[in-house]
Amino acid sequence: MNLRFHNTLSRKVEDLRPLEAGRLGIYVCGPTVYDAPHLGHARSAVVFDVFRRFFEALGYNVTLVRNITDIDDKIILKAQAAGTDYRTIAERYQNQYDAVMAALNVRAPHAAPRATAYIGTCQELVARMLRNGHAYRSGKSVYLAIHSCRDYGRLSGRSCDPLPDISRCREQPEKRHPGDFALWKGSKTGEPQWSSPWGPGRPGWHIECTAMSHALLNTPFDIHGGGRDLIFPHHENEIAQSIAAFGKPPAAMWLHHGMVTVGQAKMAKSKGNAPPLEALLQTYPPEAVRLFLLSRHYRRDLPYTESALQESTAQLNRLYALARRLQAAFGNLSPTPCRQSFLWQRFSRNLASDGNFAGGLSVLFETARDLNRALDATVANRYGALWRTTRSTAADWRYICRDILGVLHMTAEAHDPARHKIQAPVLSPAAIEGLVIRRQAARKNLDWGTADALRGVLEENGVRLQDKNHETFWQHGKQRGKITAGAQCDDGFETICQSNRHPSTKTV
RNA sequence: GGCGGCAUAGCCAAGUGGUAAGGCAGCGGCCUGCAAAGCCGUUAUUCGUCAGUUCGAAUCUGACUGCCGCCUCCA
């Protein structure tokens, strides 16, 4: 199967040919940790997490590197405003980022280097570029001369001249050309600094990525990824640096995902339109957020709306409902995928064709319907051919959901659709069971009015009931239990019923 | 102004030359005392508009309309 991806460099969908057979080196630009992570960061992480899982499932030896930029103007400003060290700020937001990505079931990359751990490598690169005549010292800083790098502007589709619109730039008399950019920034007083052959300072924004990707993956590596907003200047400048230092571009293929938008504008911290991810994850299941982030082709912008997340939550509940049925029917399914299966073929064809997540997802939903039908059809016959093929399809389905998409990794029992549907006042288990028992008594007496009213009281308090034969299962947040018909009430249930009385329960 | 992208049902969204996937919501039915879950059926003679190429176009070409991104903070 050919892996085909849209390469920003050529603007075409191309075959992905590993530079070294069986291996893939991937570098993704991670966050600058100066503020709380938002959905845009999550999209980047989740998209490349699924690519990584998919490539590994195909048998590639993948090395995924995602950096953390822990030194930059905004971190410094924030630290100064808070009267603290830049490290404190960077650590705080990196911890938040890591926690949120873990909640989203994003696998840790193989390396997550921080810029400040590679200052020495950055300096070596700067020295190299100076030696090669592509960089120049000016004032306390070192700049890269973009005119000296062949193909500058090719990635972003612009040329050196005229570049850029000077009216938009601050006056920077140290530069020979307005498009030149700092490799090493001479430090101002009060800023964090490192000593260097060019005086105290810190690395420019772009140099760290060249340093870390070269150190961890070597140049060139297979895939460089990131948000589309990084194409210019960041990735353009990375290419220039790599040419200046090594005479070759850093990566064979450039993958860029689209932006998460809010009300037709890009989601951005600077625009103040980004809901904090941590809050979002309190309202919606993390796996639903994952499904949402994978619901549209990765290259296109993804509009964020509440209703889209609600929809993804409904989808997730449906997938877990099937997972529950499968667990009941087959127990724990073999985690090993069947590469020959029709399902895997159809699913992987979608992912291999420029990461068509939405197409892959549709295959899984189709299969979910088929599995439900098959389970309906085979309840009476657990030994027929249909039962066996259903079991094997079920194993593949579960595998793809869990190991490739990174959803359905909890046991079906642990997933709680009610938790994210109803915001309920807390009832104690004893109180709930008292009401359930009372409702069962009413049902036994065919007193449907009372039974329905009690169901109403429970539902208003966020308790979900499910009747099955002689048992009633209840679920309230993370608590659950069952009551078998004929159970006795605890003392005091009357009081509970009284205290929970609600206008709509007056028929009780 | 320069460069790039997008327009498919009530909503979300695949499909890049062979006759419109999937999801959500809705509706009808089965099941259930009621409900939940599940299942079945149903929802675009049509893909922003106009013209062209072709036996054949949502898919290719041109024009037009609308929306968005980048142009040194950016995932």
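Structure first, text after, so check above.
These lines cover the structure that appears in this document, whether it is placed above or below.

**A closer look at the overall build of chain A**
Summing up its helical and strand segments, chain A has 15 helices and 16 strands in all. Sequence-distant contacts in chain A: of pairs separated by 6 or more residues, those separated by 24 or more amount to 75%. When the accessible surface of chain A is totalled, it reaches about 23500 Å², and 49% of it is carbon and sulfur.

**Here's the deal with the pairing of strand S4 (residues 61–66)**
As paired strands, strand S3 (residues 23–28) and S4 are joined by 6 bridges and run parallel to one another. Following the sheet pairing, Val28 is matched in S4 by Arg66.

**Some thoughts on unusual backbone geometry**
Both trends apply: most residues other than glycine have a negative phi, and most peptide bonds are in trans. In this model, Thr219 is joined to Pro220 through a cis peptide bond whose omega is 0°. As for its position among the elements, Pro220 is in the loop between helix H5 (207–217) and strand S9 (221–227). Here the amide bond leading from Phe232 into Pro233 is cis, since omega sits at 0°, within 30 degrees of zero. Within the secondary structure layout, Pro233 lies in helix H6 (residues 231–246). The backbone of Asn105 shows a phi angle near 65°, a positive value even though the residue is not glycine.

**Some details on the packing of aromatic side chains**
Taken as a whole and assessed by the stated rule, the structure comprises 17 aromatic pairs. Ring geometry for Phe51 against Tyr298: centres 5.3 Å apart, planes inclined by 85°, an arrangement best described as edge-to-face. Of this pair, Phe51 sits in helix H1 (residues 39–57) while Tyr298 is found in the loop between helix H8 (286–293) and strand S13 (302–303), placing the two residues 247 residues apart along the sequence. Like Phe51, the residue Tyr298 is buried in the burial classification. Their ring planes at 80° and their centres at 6.4 Å tell us that Phe55 and Tyr60 sit as a pair that is edge-to-face. Residue Phe55 is classed as buried on the basis of its relative accessible area of 1%.

**Observations regarding the protein's contact with RNA strand B**
Neighbouring RNA strand B are 65 residues, the closest being Pro178, Lys266, Met267, Gln315 and Arg373. For RNA strand B, the fraction of atoms within 4 Å of the protein that belong to sugar or phosphate moieties is 70%. Between RNA strand B and the protein, one listed contact pairs a phosphate oxygen with a side-chain N or O atom of Arg296 at 2.8 Å. A distance of 3.2 Å separates a base oxygen of RNA strand B from a polar atom in the side chain of Arg443. At the level of secondary structure, the elements contributing two or more residues to the surface near RNA strand B comprise H1, S9, strand S12 (265–266), helix H9 (306–330), helix H11 (357–378), helix H13 (429–444), helix H14 (448–460) and strand S14 (463–468). Broken down by element, the surface near RNA strand B gets its largest block of residues, 9 residues, from H11. When grouped by side-chain class, the residues that make up the surface near RNA strand B number 18 nonpolar, 22 polar and 25 charged.

**Let's talk about the packing of H11 against helix H12 (residues 385–405)**
The interhelical angle for the contact between H11 and H12, taken along N-to-C directions, is 145°, at an axis separation of 10 Å. For the pair H11 and H12, the sense of crossing is left-handed. Counted together, Leu361, Leu364, Thr367, Ala368, Leu371, Ala374, Ala377 and Thr378 of H11 and Leu386, Trp387, Thr390, Thr393, Ala394, Trp397, Ile400, Cys401 and Leu405 of H12 form the full contact between these two elements. When grouped by side-chain class, the residues that make up the contact of H11 with H12 number 13 nonpolar, 4 polar and no charged.

Criteria and cut-off values
- Residues numbered from 1 in each chain as written.
- Chains lettered and ligands numbered in written order.
- Predicted model: local features only at pLDDT ≥ 70, side-chain atom pairs only at ≥ 80, totals over all residues.
- Heavy atoms only, no water.
- Helix = DSSP H or I, 4+ residues; strand = E, 2+ residues; numbered from the N terminus.
- Contact = heavy atoms within 4.5 Å.
- Areas by Shrake-Rupley, 256 points an atom, 1.4 Å probe, with all protein chains shown as cover.
- Pairing = 2+ DSSP bridges.
- Phe/Tyr/Trp six-rings, centres within 6.5 Å; stacked < 30°, edge-to-face > 60°.
- Buried < 20%, exposed > 50% of the residue type's maximum accessible area, 1.4 Å probe, protein only.
- Near = heavy atom within 4 Å.
- Polar contact = N/O pair within 3.5 Å; in protein donor to acceptor, adjacent residues only side chain to side chain.
- Nonpolar A, V, L, I, M, F, W, Y, C, P; charged D, E, K, R; others polar.
- Axes fitted to C-alpha atoms, helices over the stretch in contact; angles between N-to-C directions.
- Left-handed = near helix turned anticlockwise from the far one by under 90°.

Limitation: the analysis is restricted to geometry and does not speak to function.
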